[in-house]
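Examination of the molecular architecture
Spelled out, the chains give:
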Amino acid sequence: MKSLPRKGRSSNEVLDAMRDLKKEDVQWEDGRVWCLVFHAGDEISQFLKEAYTTYFSENALNPTAFPSLKRMENEVVSMATRLLGGNDYTVGNLTTGGTESILMAVKTAREWGRDRGIKKPEMVVPTSAHPAFDKAAHYFDVKIARVPVDKDFKASVSAMRKAINKRTVLLVASAPQYPQGVVDPIQDIARLASKKGILCHVDACVGGMMLPFVRDLGYEVPPFDFSVPGVTSISADLHKYGYAAKGASLVMYNSPELRKYQYFAYTDWPGGIYVSPTMTGTRPGGAIAAAWAIMHRLGFDGYREIAQKVMQARDKIRDGINAIPGIRVPGTPHMSVMCIVSDRADVNIYEVGDNMSAKGWHMDRQQDPDSLHLTLNFGHIEAADEFLSDLEDAVAAARSTYDPEAAKKERRRNMLMKGALKILPGPVATKATELGTKIMGMDGGLPNRTAAMYGMMASLPNRGDVESIVIDLLDKMTRHEPGTKPILPEEE
Ligand SMILES: *Cc1c(COP(=O)(O)O)cnc(C)c1O
């Protein structure tokens, strides 16, 4: 076990160790990481850091102590709601991220439902919507009905209609959904919610700060915001296409009456009367200040210009992918979020992913259908040509190493596993899956070549087993194992 060092080190020693440590990470600066980081250029990053540190110590928990943060937050909400079709009644709060925004919207819907006598509220959510909705269901004991999407990956309005019952309080749609980047038919879903007298949340976490500019540039964007009748709340992340510092998202409502269900107050504490808008207690001032700062630094025209360059790169990359035999971009992505699927038996898309990883490109693996994910933002524009040429090579390499016999064997093993897991009792099935993961070399961390593992995981019918595998993995990763080499060498 690592214990607190007896003696402190010099600032330089600590900072140098951290800079060194970073070398273990994916290198996003050259645009090779297609998720997790949104970058609007070095000059903007420098500016954001300065804005952030200007409010490094301040805490937005108490708005009367820091009225400046309150003013910035209110301006950020106002600018965003205007951008998203809101009016003078539209209200919102800054949260630390999309997940917190979604948690708040679901919690609000639950309280709204309870106020109407629905003891066990439920929500209807397309399969494509973000797992934060399942997290909210899990945390707040709201039942979630996941309903299939249509062939074009858009939420199926008829499936959603069928899933509604007396306890349903909320319908969810995404603008766009993350896996394939398509905007759901929000007008129809919001109309359905309105007809049923229930709430409709639009998850614009990834699209909220991009789609308004994409639309302004003349690209086709289906109506998705507060201008659509029936939309009662929207989540939109500032730390994605708002290019703000991490820890900044928005949850917005079409009326203050609805937002009141989000709030929490406890008035009997000896420590004083406590009132809080969102999940967190202490609220870092830096994230709020940086969000306010970037919106003023860029302005509408700045965001529009960035969006234009990103969309030009999107067109080039989408067309480039579609021109490579064996792979394509499925669906019709409305902005710069998309994925790559294989359309030939001899191209295993996970193998393509492994080949790209070997060249330093990092893409998320997806399932149903098996695919590689791209969230294209300003930081990727320069890398577009190299990406396409490496991708072409990666596909060719996957085809040249394709072994029909081995593929058949793998399919058969996955099928067997499927069959076995269906008939084996739970604990035995879990053991079998554990064995399977050991065979894949997944025990004790992720293997270098991940194609076989992702293939197996995607095909397992017993999702409870996959859940227990990944939770075990997370448990292992979030522990200090004995014998681990310390970051800073121990002092004598
Ligand atoms: C990123 C994302 C979220 C979650 O946001 P976090 O900031 O990661 O918590 C929710 N929905 C969609 C569509 C997203 O892309």
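Looking at an unreviewed UniProt entry, one finds the protein named Aminotransferase class V-fold PLP-dependent enzyme, with Microvenator marinus as its source organism. What UniProt records for the protein under Subcellular location (unreviewed entry) is the sentence "Endoplasmic reticulum membrane". The Cofactor (unreviewed entry) field of the UniProt record for the protein holds the comment "pyridoxal 5'-phosphate".

1. Some details on the pairing of strand S1 (residues 91-95)
Within S1, 5 of the 5 residues are buried, which leaves it mostly tucked inside the rest of the structure. Across the two faces of S1 the burial is the same, with Val 91, Asn 93 and Thr 95 and Gly 92 and Leu 94 all buried. Two strands pair when backbone bridges link them, and S1 and strand S7 (residues 249-253) are joined in this way by 5 bridges, in the antiparallel orientation. Note that in S7 the partner of Leu 94 across the bridge is Leu 250.

2. Description of the sheet that holds strand S13 (residues 371-375)
Taken in spatial order, the 4 strands of this open sheet run S10-S11-S13-S12, and their pairing is antiparallel. Two strands bound the open sheet, and with one partner strand each, they are strand S10 (327-328) and strand S12 (364-366). Of the strand pairs in this sheet, strand S11 (residues 337-342) and S13 are connected by 4 bridges, and their pairing is antiparallel. Bridge assignment links Cys 339 to a residue of S13, and that residue is His 373.

3. Quick notes on the site of the ligand
In the neighbourhood of the ligand, the contacting residues comprise Gly 97, Gly 98, Thr 99, Ile 102, His 130, Tyr 178, Asp 203, Cys 205, Val 206, Asp 237, His 239 and Lys 240. Contact between the ligand and Lys 240: an oxygen atom at 3.2 Å from a side-chain N or O atom of the residue. Contact with the protein chains covers 85% of the free accessible surface of the ligand, which is 380 Å². With 3 residues, helix H4 (residues 98-115) is the single largest residue contributor to the shell around the ligand. Residue classes in the shell around the ligand are distributed as 4 nonpolar, 5 polar and 3 charged.

4. Some details on the UniProt feature "modified residue: N6-(pyridoxal phosphate)lysine" (unreviewed entry) in the protein
Per the UniProt record, "modified residue: N6-(pyridoxal phosphate)lysine" (unreviewed entry) is found at Lys 240. The topology assignment puts Lys 240 in the loop between strand S6 (233-237) and S7. Lys 240 gets classed as partly exposed once you look at its relative accessible area, which sits at 22%. Beyond its immediate chain neighbours, meaning those up to four positions away, Lys 240 contacts Phe 38, Cys 205 and Val 206.

5. Brief notes about the side chain of Glu 100
Among the secondary structure elements, Glu 100 is positioned in helix H4. The buried charged residue Glu 100 lacks any salt bridge partner; its closest oppositely charged side chain belongs to Arg 283, at an N-O distance of 6.4 Å. Among the polar contacts listed, one links the side chain of Glu 100 to the backbone nitrogen of Met 279, at a separation of 2.9 Å. In this structure Glu 100 touches Thr 95, Thr 278, Met 279 and Thr 280, once residues within four positions along its chain are discounted.

6. Quick word on a positive patch on the surface
On the surface, Arg 161, Lys 162, Lys 195 and Lys 196 cluster together to form a positively charged patch. Within the residue set of the positive patch, elements represented by two or more residues are helix H6 (157-163) and helix H7 (186-196). Note on placement: Arg 161 falls in helix H6. Residue Arg 161 is classed as partly exposed on the basis of its relative accessible area, which comes to 41%.

7. Quick look at the sheet that holds strand S2 (residues 122-126)
Within the open sheet, the 7 strands sit side by side as S1-S7-S6-S5-S4-S2-S3. Their pairing is mixed. Strands with a single pairing partner mark the edges of an open sheet, and in this sheet they are S1 and strand S3 (143-147). Mean inter-strand twist for the sheet, computed between neighbouring axes without regard to direction, equals 20°. Looking at chain direction, strand S5 (residues 199-203) and S6 are connected through 3 bridges and run parallel. Along S6, the bridge assignment pairs Asp 203 with Ser 235. Docked against the sheet, helix H5 (residues 132-140) engages S2, S3, strand S4 (168-174) and S5, running at close to 155° with respect to S3. H7 rests against S4 and S5 of the sheet, and its axis sits at about 175° to S4.

8. Regarding the packing of helix H3 (residues 67-83) against helix H10 (residues 285-322)
Contact geometry of H3 with H10 gives a least axis separation of 9 Å together with a crossing angle of 45°. Compared by their axis directions, H3 and H10 come out oblique. Regarding H3 and H10, the two cross each other, and that crossing is left-handed. Contacts from Leu 69, Met 72, Glu 73, Glu 75, Val 76, Met 79, Ala 80 and Leu 83 in H3 reach Gly 285, Ile 288, Ala 289, Ala 291, Trp 292, Met 295, His 296 and Phe 300 in H10. In the contact of H3 with H10, the residues fall into 12 nonpolar, 2 polar and 2 charged.

Scoring rules and cut-offs
- Residues numbered from 1 in each chain as written.
- Predicted model: local features only at pLDDT ≥ 70, side-chain atom pairs only at ≥ 80, totals over all residues.
- Heavy atoms only, no water.
- UniProt positions renumbered as here; feature names shortened; annotations may be inferred.
- Buried < 20%, exposed > 50% of the residue type's maximum accessible area, 1.4 Å probe, protein only.
- Helix = DSSP H or I, 4+ residues; strand = E, 2+ residues; numbered from the N terminus.
- Pairing = 2+ DSSP bridges.
- Near = heavy atom within 4 Å.
- Polar contact = N/O pair within 3.5 Å; in protein donor to acceptor, adjacent residues only side chain to side chain.
- Areas by Shrake-Rupley, 256 points an atom, 1.4 Å probe, with all protein chains shown as cover.
- Nonpolar A, V, L, I, M, F, W, Y, C, P; charged D, E, K, R; others polar.
- Contact = heavy atoms within 4.5 Å.
- Lys, Arg positive; Asp, Glu negative; His and termini not counted.
- Salt bridge = Lys/Arg side-chain N within 4 Å of Asp/Glu carboxyl O.
- Patch = residues over 30% accessible without salt bridge, like charges linked within 9 Å, V, L, I, M, F, W, Y side chains within 5 Å.
- Charge placed at Lys NZ, Arg CZ, Asp CG, Glu CD.
- Axes fitted to C-alpha atoms, helices over the stretch in contact; angles between N-to-C directions.
- Parallel < 35°, antiparallel > 145°, perpendicular 65-115°, else oblique.
- Left-handed = near helix turned anticlockwise from the far one by under 90°.

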